[in-house]
Amino acid sequence: GQEMWQRLQKDPLHPIQNRAISALYPPASTFKMIVALAGLEDGIISHKDTVICGGAMALGSHVFHCWQKHGHGTVNLTAALAASCDVYFYETGRKVGIDKIAEYASALGLGKPTGIEMDGEKSGIVPSTSWKLRALKQQWFMGETLNTAIGQGYVSATPHQMARLIAAAANGGKLYKPHILKDSEHDYLDKVVEIKPDTLNLVKSALVGVVSENGGTGHAARS
């Protein structure tokens, strides 16, 4: 009754919150896929390019660490995505730049509601030089690009947004507007993201290694 409802509302764990659409999180390593797509699509990187990961990358007086403190050695795109190498994506993010990363993140549906017919959907944040000037009245720093490139810092998204984004990368760039359906007679295609099939295929193939390779960070999820 009323007592139960009050207890649920006051519960600090927020059990009645629809976290799929109303909770914002740093996308973390799932965001690395966007950095890879941006770099490949604009010819800034090649899937054959390699980066040496010794466990950290220096930028000025600051050191940005990889999650693997001993480093991953020499990695290309496929190995970097499979092992979720932070140093590879620090370097790739530095090359691509925050505004190009933001362009692809936005094209893939982040930073705005998906439009699902449910109350309380959050937009999340796609940071960029213009976003920071507008929101914080401050200039952008390269260190913030490195943090964004591994899905940390200012960037935030709902689980629902990330699920839609990854589906679009897997299905050839089709970004669907999610709906609660009574039937499946309608095609709710929102847009087709303009990314070359070769680019999507490269990233899809690389992501297979996340679960198929022994060093893949998702190897335990392999069925």
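Here's what I pulled together on the structure shown here. (Residues numbered from 1 in each chain as written. Predicted model: local features only at pLDDT ≥ 70, side-chain atom pairs only at ≥ 80, totals over all residues. Heavy atoms only, no water.)

Some words on the pattern of salt bridges
Within the structure shown, the criterion is met by eight salt bridges. Ionic pairing is found between D42 and K100, a salt bridge with its closest N-O pair at 2.9 Å. Taken together, the residues D42 in the loop between α3 (32-41) and β1 (51-53) and K100 in helix α6 (residues 98-107) connect sequence positions 58 residues apart. For D42, a relative accessible area of 33% puts it in the partly exposed group. Two residues, E103 and K100, come together in a salt bridge whose shortest N-O distance is 3.2 Å. Of this pair, E103 and K100 both sit in helix α6, three residues apart, which is roughly one turn of the helix. Among the residues examined, E103 registers a relative accessible area of 41% and is labelled partly exposed. A relative accessible area of 23% places K100 in the partly exposed class. Linked by salt bridges that have partners in common, D42, K100 and E103 make up one network. (Salt bridge = Lys/Arg side-chain N within 4 Å of Asp/Glu carboxyl O. Helix = DSSP H or I, 4+ residues; strand = E, 2+ residues; numbered from the N terminus. Buried < 20%, exposed > 50% of the residue type's maximum accessible area, 1.4 Å probe, protein only.)

Section: the packing of α3 against α6
Between two packed helices, both the angle of their axes relative to each other and the distance between the axes serve to describe the pair. For the pair α3 and α6, interaxial distance at closest approach is 9 Å and the crossing angle is 110°. Between α3 and α6, the crossing angle belongs to the class labelled roughly perpendicular. Contacts from I34, V35, A38 and E41 in α3 reach K100, I101, Y104 and A105 in α6. The class makeup of the residues in the contact of α3 with α6 is six nonpolar, no polar and two charged. (Axes fitted to C-alpha atoms, helices over the stretch in contact; angles between N-to-C directions. Parallel < 35°, antiparallel > 145°, perpendicular 65-115°, else oblique. Contact = heavy atoms within 4.5 Å. Nonpolar A, V, L, I, M, F, W, Y, C, P; charged D, E, K, R; others polar.)

Observations regarding the environment of S128
Topologically, S128 is positioned in the loop between α6 and α7 (129-136). Residue classification places S128 among the buried residues on the basis of a relative accessible area of 10%. As for S128 and T148, which are separated by 20 residues in sequence, their C-alpha atoms are 9.6 Å apart. With sequence-adjacent residues up to four places away left out, S128 is seen in contact with I98, D99, A102 and W140.

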